[in-house]
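Observations on chain architecture
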Amino acid sequence: MSKMTLEEKVGQMTNLTLSAITEPSDDPLKVDPVKLREVIVKHNIGSIQNVVKHAYGIEEWHKLINEIQKVSLTETRLKIPFLYCIDAVHGTNFTLNSTLFPHNLGLAATRNPELVKLCAEITAKEVRASGIRYNFSPVLDVGRQPLWPRFPETFGEDVLLTKTMGVASVKGYEGKSLNDFTSVASCMKHFVGYSVPANGKDRAAAYIPEINLREYFLPPFKAAVDAGAHTLMVNSGEVNGTPVHASKFLLTDVLRNELNYKGIVISDWEDIKKLNERHRVAENHKEAVYLSVNAGIDMCIVPFDFSFYNDLIALVKEGRIKEERINESVKRILDLKFDLGIFERPYVEKEAAKNFALPEYKQTALTAARESITLLKNSDQVLPLKKDKKVLIVGPNANSLTALNGAWSYTWQGRKAEYFPKTEFTLLEAMKKKTGDANVTYKKDFKEITSDVKPDYIIVTLGEDAYAETPGNTKTLELPSEDLEGIRNLVKMYPNIPLIYILTEGRPRLIREVEPLAKGVLLAYWPGSEGGNAIADVLYGDYNPSGKLPFTYPRYSGELMTYDHKWLDEAVEIVEPEYKYFYEFEPQYPFGYGLSYTSFTLSNLKLSSNQLTGDSKIKVSVDVKNTGQRSGQEVVELYSRDQFASVTPSVKRLRGFKKVELQTGELKTVDFEISREDLAFVGTDMKWRTEPGAFDLMIGDLKVVLNYKGN
């Protein structure tokens with residue numbers, strides 16, 4: 001670094017998008033040699049990201065990256081290799097014929113951290129095989145606002161669930177060493193508070209009391225920092241009136257000094273410009289650069305021009321930003337490049353390229369999709385279906401790959417099915433593969449259904465097609481009125497035929513008005529490449545569902561509450577001449593809910609001691625037994641409730657979860673450990689504390705009392 005000029009250092013801090021070096025037409029993709037040298041040689045740019053419009057084949061990626069790298073290594077003064085970055089958020093979604101997994105929301109439903117880690121490991125292998133070594137994933141925002149269009153990228157509404165799955169992802173991406181052919185640098189997103197905009201829109205303002213920020217939103221980042229995550233991306237919005245890209249309190253005082261984070265802080269797309277253009281906290285772009293670098297930004301996704309580069313150089317030359325501050329960021333960036341082995345092996349690695357599209361990846365994608373699927377209703381055991389029965393399936397999502405894969409699937413919005421692998425099955429195709437064409441009748445629209453169709457069962461596909469980020473903003477979670485009307489007409493036409501809903505969606509669409517009309521409800525989230533096969537497996541009983549809701553499924557648009565809410569007063573309904581009292585939290589389905597084709601019973605909940613003191617730990621155990629007619633997996637979840645505290649406690653908080661597989665009649669004992677840290681909360685002094693007193697520990701309907709005595 002001592003050999004570098006100021007311009008070379010600032011170039012390393014500048015990240016541009018691919019279109020900055022390519023010709024206007026992207027079919028086929030072609031690098032513009034003049035633009036390339038303008039970027040790499042003249043402006044010393046150290047990293048490039050993204051695609052132009054759509055995913056590329058692996059050979060195209062190799063050609064592109066080697067072409068850029070050759071210029072970096074042969075035509076620049078110091079021959080510092082450049083770094084390519086990509087968003088691979090549910091698989092290697094910008095390389096054609098890659099493996100796509102369920103989005104994080106679905107992975108959280110599996111309650112299987114080892115499976116989440118395996119999905120991340122495979123993603124890392126395919127990203128690195130593409131020649132890319134830096135992945136903008138995972139999202140660690142806690143999903144507590146279901147209107148938010150990035151809700152499907154979260155691991156749901158619970159802090160422990162997000163921490164656990166987030167750390168599993170980081171470890172899966174980064175492996176034992178970033179220098180391995182199977183690893184990529186991970187990126188914790190989006191620090192911090194991005195997921196709870198007050199209006200539910202993307203990149204919008206959030207108002208989060210500091211006590212809540214520390215209790216609910218910082219812990220996943222702290223856990224990922226402790227797990228060794230190398231990079232972090234910043235929240236595009238603002239928290240309590242301050243854009244996070246300009247918040248020295250959050251990016252330096254909290255992130256660096258409190259969480260002890262040592263890695264790179266990268267901006268999100270154009271967000272330093274937005275300090276001037278949108279947030280209005282900087283009177284021009286140069287002031288925006290000053291605010292953001294002073295706050296703690298190391299690398300800026302500009303992404304189209306040299307405005308950040310030029311203004312930062314000017315600020316240093318004017319003495320407003322010290323070169324020592326620039327050196328801090330450049331050291332972090334160069335350290336990452338060394339860690340990734342780019343100085344040793346700058347070109348596409350042949351050993352890494354061998355890890356693309358291996359056969360076992362498909363099985364993992366199928367397992368992940370199967371384990372994510374959540375059975376929400378199964379009246380009269382309508383499911384599983386028999387394969388010799390006639391099924392009418394209705395709705396465009398039944399024959400759609402985009403509705404199965406969702407956002408970030410070969411294109412940013414995920415809505416161009418022509419880029420999907422030809423080997424991938426829609427739900428309709430997967431069902432026909434199981435039962436034969438004659439047993440499945442498909443109608444895209446309710447209006448196409450005629451009375452000559454004589455089904456034994458009717459399946460209606462509901463939910464959402466793919467969307468990503470701001471284009472996914474919505475004004476309502478209600479289902480379209482035409483869907484509700486179509487279902488009602490369908491029931492009139494076939495009053496005695498069992499109705500089943502399959503929901504493929506990135507956030508909960510409200511089914512309150514038509515839920516009573518259905519016998520069965522399956523939530524598939526956005527299940528990825530093998531989603532069609534996985535749903536068909538569950539529908540026909542070739543797989544026993546085990547998914548559990550990672551969020552509270554709301555019944556009403558005016559009651560978007562999380563399971564760990566504070567105590568509520570009873571609501572009052574006037575029923576003359578008396579009053580009727582009822583509890584006003586009434587979700588469609590609660591957090592942690594999910595049915596199986598078998599049954600389980602819980603018993604014998606006990607503690608190794610009912611007294612907890614100091615740094616000791618107590619063991620919580622419970623027996624779980626499969627009392628049904630087939631083998632299955634059950635998730636055992638441990639919750640706590642502080643009976644009294646100096647800050648109003650939540651009605652309950654998740655403290656542990658384990659997934660067990662049981663054969664018919666089999667019983668297993670599931671153990672958890674509880675320490676005082678597991679029962680801690682943030683006090684009014686903004687510090688974590690565990691206060692002496694009684695705690696209820698709950699698994700299912702069972703409850704025991706634990707007394708914490710203090711030190």
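None of the values given here were measured: they were computed from a predicted structure.

Here we look at the overall build of the protein chain
Tallying secondary structure elements over the protein chain gives 19 helices and 29 strands in all. Within the protein chain, the fraction of its 711 residues that count as buried is 63%. Partitioning the intrachain contacts of the protein chain with sequence separation of at least 6 by distance along the chain shows that 78% fall at a separation of at least 24. For the protein chain, the accessible area works out to roughly 27,300 Å², and carbon and sulfur atoms hold 49% of it. The averaged location of the 95 negative side-chain charges in the protein chain is 3 Å from the averaged location of its 89 positive side-chain charges.

So, the pattern of salt bridges
Enumeration according to the criterion identifies 50 salt bridges in this entry. Between D298 and R256 there is a salt bridge, with the nearest N and O atoms lying 2.8 Å from each other. Taken together, the positions of D298 in the loop between helix 11 (285–295) and strand 11 (300–301) and R256 in helix 9 (residues 248–258) put the pair 42 residues apart, joining distant regions of the chain. Both residues of the pair, D298 and R256, count as buried. Among the ionic pairs, E513 bridges to R512, the shortest N-O distance being 3.7 Å. The exposure class assigned to E513 is partly exposed, which follows from its relative accessible area of 39%. Looking at R512, the relative accessible area reads 21%, which means it is partly exposed. In the salt-bridge network here, residues are joined through shared partners; they are R128, R133, E344, R345 and E349.

What to know about the environment of E559
Checked against the element boundaries, E559 lands in the loop between helix 19 (531–539) and strand 18 (570–575). Each C-alpha atom of the pair E559 and D202 lies 20 Å from the other, and the pair is 357 residues apart in sequence. Those residues in contact with E559 that lie beyond four places of it in its chain are P554, E584, F585, E586 and P587. Polar side-chain contacts of E559 include one of 2.9 Å to the backbone nitrogen of E586.

Some words on a negative patch on the surface
On the surface, D445, E448, E482 and E485 cluster together into a negatively charged patch. Tracing the chain through its elements places E482 in helix 18 (residues 481–493).

Observations concerning the pairing of strand 3 (residues 83–86)
Side chains L83 and C85 of strand 3 all project onto a buried face; the interleaved residues Y84 and I86 project onto the opposite face, where all are buried too. In the sheet, strand 2 (residues 47–49) pairs with strand 3 via three bridges, with the strands oriented parallel. What sits directly across from Q49, in strand 3, is C85. Handedness of the β-α-β unit built from strand 2, helix 3 (residues 58–75) and strand 3 comes out right-handed. When strand 3 meets strand 4 (residues 134–135), the two strands line up parallel, connected through two bridges.

Considerations on the sheet that holds strand 4
Within the open sheet, the five strands sit side by side as 4-3-2-1-11. Their pairing is parallel. What marks the edges here is a single partner per strand, and that holds for strand 4 and strand 11. Two elements, strand 1 (residues 14–17) and strand 2, share three bridges in a ladder whose sense is parallel. Note on strand 2: the bridge partner recorded for T17 is Q49. Taken strand by strand, helix 3 contacts strand 2 and strand 3, and its axis lies near 140° from that of strand 3.

Things to note about the sheet that holds strand 5 (residues 187–191)
Strand order in the open sheet formed by three strands is 5-7-10, and the pairing between neighbours is parallel. Looking along the sheet, the strands with just one partner apiece sit at the ends: strand 5 and strand 10 (264–266). For this sheet, the mean inter-axis angle between neighbouring strands, taken without regard to orientation, is 25°. Of the pairings in the sheet, the one linking strand 5 to strand 7 (residues 231–234) comprises three bridges and is parallel in character. Bridge pairing in strand 7 links M188 to L232.

Considerations on the packing of helix 17 (residues 427–435) against helix 19
Taken N-terminus to C-terminus, the directions of helix 17 and helix 19 make an angle of 50°; their axes are 8 Å apart at the nearest point. Classified by the angle their axes make, helix 17 and helix 19 are oblique. The element helix 17 and its partner helix 19 pack so that their crossing is right-handed. Contacts from L427, A430, M431, K433 and K434 in helix 17 reach G532, N533, I535, A536, D537 and L539 in helix 19. Across the contact of helix 17 with helix 19, the residue classes break down as six nonpolar, two polar and three charged.

Quick notes on the nonpolar core
W61, Y84, F191 and L312 are the most contacted members of the largest nonpolar core, which totals 114 residues. With six residues, the single largest contributor to this core is helix 12 (residues 307–317).

A look at unusual backbone geometry
Cis geometry marks the peptide bond from K189 to H190, where omega comes out at -15°. Within the fold, H190 resides in strand 5. Of note, the amide linkage connecting F191 to V192 takes the cis form, showing an omega dihedral of -5°. For N44, which is not a glycine, the phi torsion comes out positive at approximately 60°. Turning to its location among the elements, N44 is positioned in the loop between helix 2 (33–42) and strand 2. With phi around 55°, Y525 is a residue other than glycine that occupies positive phi space. Structurally, Y525 can be placed in the loop between strand 17 (520–523) and helix 19. By relative accessible area, Y525 is classed as buried at 2%.

Looking at helix 12
The buried fraction of helix 12 amounts to eight of the 11 residues, a majority that puts the element mostly inside the structure. The complete set of buried residues in helix 12 reads S307, F308, Y309, D311, L312, I313, L315 and V316. The first or second residue beyond helix 12 is G319, which carries a positive phi of 85°.

Thoughts on the packing of aromatic side chains
Using the criterion set out here, one finds 17 aromatic pairs in the structure. An aromatic cluster is defined as three or more aromatic residues linked by ring pairs; in this entry it consists of F151, F551, Y553, Y589 and Y593. Sitting above the plane of the Y216 ring, R144 keeps its charged end 4.3 Å from the centroid. Lying across the ring of F425, K433 places its NZ or CZ 4.2 Å from the centre.

Observations regarding the environment of T648
Within the element layout of this structure, T648 appears in the loop between strand 23 (632–642) and strand 24 (653–662). Between the alpha carbons of T648 and G700 there is a distance of 23 Å; along the sequence they are 52 residues apart. Once residues within four sequence positions are removed from consideration, T648 is found in contact with K566 and W567.

Criteria and thresholds
- All residue numbers here refer to positions counted from 1 along the written sequence of the relevant chain.
- Local features in this predicted model are restricted to residues whose pLDDT is 70 or higher, and side-chain atom pairs enter the listing and the counts only when it is 80 or higher, whereas totals over whole chains, interfaces and linings include all residues.
- As a rule here, side-chain values come from all non-hydrogen atoms in the structure, and water together with hydrogens is ignored.
- Secondary structure is summarised from DSSP: a helix means a run of H or I of at least four residues, a strand means a run of E of at least two, and numbering begins at the N terminus for each.
- Working definition: with a 1.4 Å probe on protein chains only, accessible area under 20% of the residue-type maximum means buried, over 50% means exposed, and in between means partly exposed.
- Contacts are assigned to residue pairs with any non-hydrogen atoms lying within 4.5 Å of each other.
- With residues, only the protein chains shown are counted as cover, and all accessible areas are computed by Shrake-Rupley using a 1.4 Å probe.
- Asp and Glu count as negative and Lys and Arg as positive, but His and the ends of the chain are not part of the count.
- By convention, the charge on Lys lies at NZ, on Arg at CZ, on Asp at CG and on Glu at CD.
- We count a salt bridge whenever a side-chain nitrogen from Lys or Arg sits within 4 Å of a carboxyl oxygen from Asp or Glu.
- Definition of a polar contact: a pair of N or O atoms within 3.5 Å, with one able to donate and the other able to accept a hydrogen when the atoms are protein atoms, and with sequence-neighbouring residues admitted only if both atoms are side-chain atoms.
- Only residues whose relative accessible area exceeds 30% and that form no salt bridge are eligible for patches; like-charged ones are grouped when within 9 Å, while nonpolar side chains (Val, Leu, Ile, Met, Phe, Trp, Tyr) are grouped when within 5 Å.
- When DSSP finds at least two bridges between two strands, those strands are taken to pair.
- Here a crossover is taken to be right-handed if, once the strands point away from the viewer, the path from the first strand over the helix to the second is traced clockwise.
- All axes are obtained by fitting lines to C-alpha atoms, using only the stretch in contact for helices, and the reported angles, taken between N-to-C directions, cover 0 to 180 degrees.
- Comment on the angle field: the value is read as roughly parallel under 35 degrees, roughly antiparallel over 145, roughly perpendicular from 65 to 115, and oblique elsewhere.
- Crossings are sorted by hand: turned counterclockwise from the far helix by less than a right angle, the near helix makes the crossing left-handed, and turned clockwise it makes it right-handed.
- Each residue gets one label: Ala, Val, Leu, Ile, Met, Phe, Trp, Tyr, Cys and Pro are nonpolar, Asp, Glu, Lys and Arg are charged, and the others, such as Gly, are polar.
- Nonpolar cores are built from buried Ala, Val, Leu, Ile, Met, Phe, Trp, Tyr and Cys residues. Side-chain atoms within 4.5 Å join them into one set.
- What counts as a ring pair is set by centres within 6.5 Å for rings of Phe, Tyr and Trp (its six-membered ring), and what kind of pair is set by the plane angle: stacked under 30 degrees, edge-to-face over 60, tilted for all other angles.
- Only Lys NZ and Arg CZ are tested; either one counts as a charge over a ring when it is within 6 Å of the ring centre and within 35 degrees of the ring normal.

These results come straight from atomic positions and should not be treated as a statement about function.
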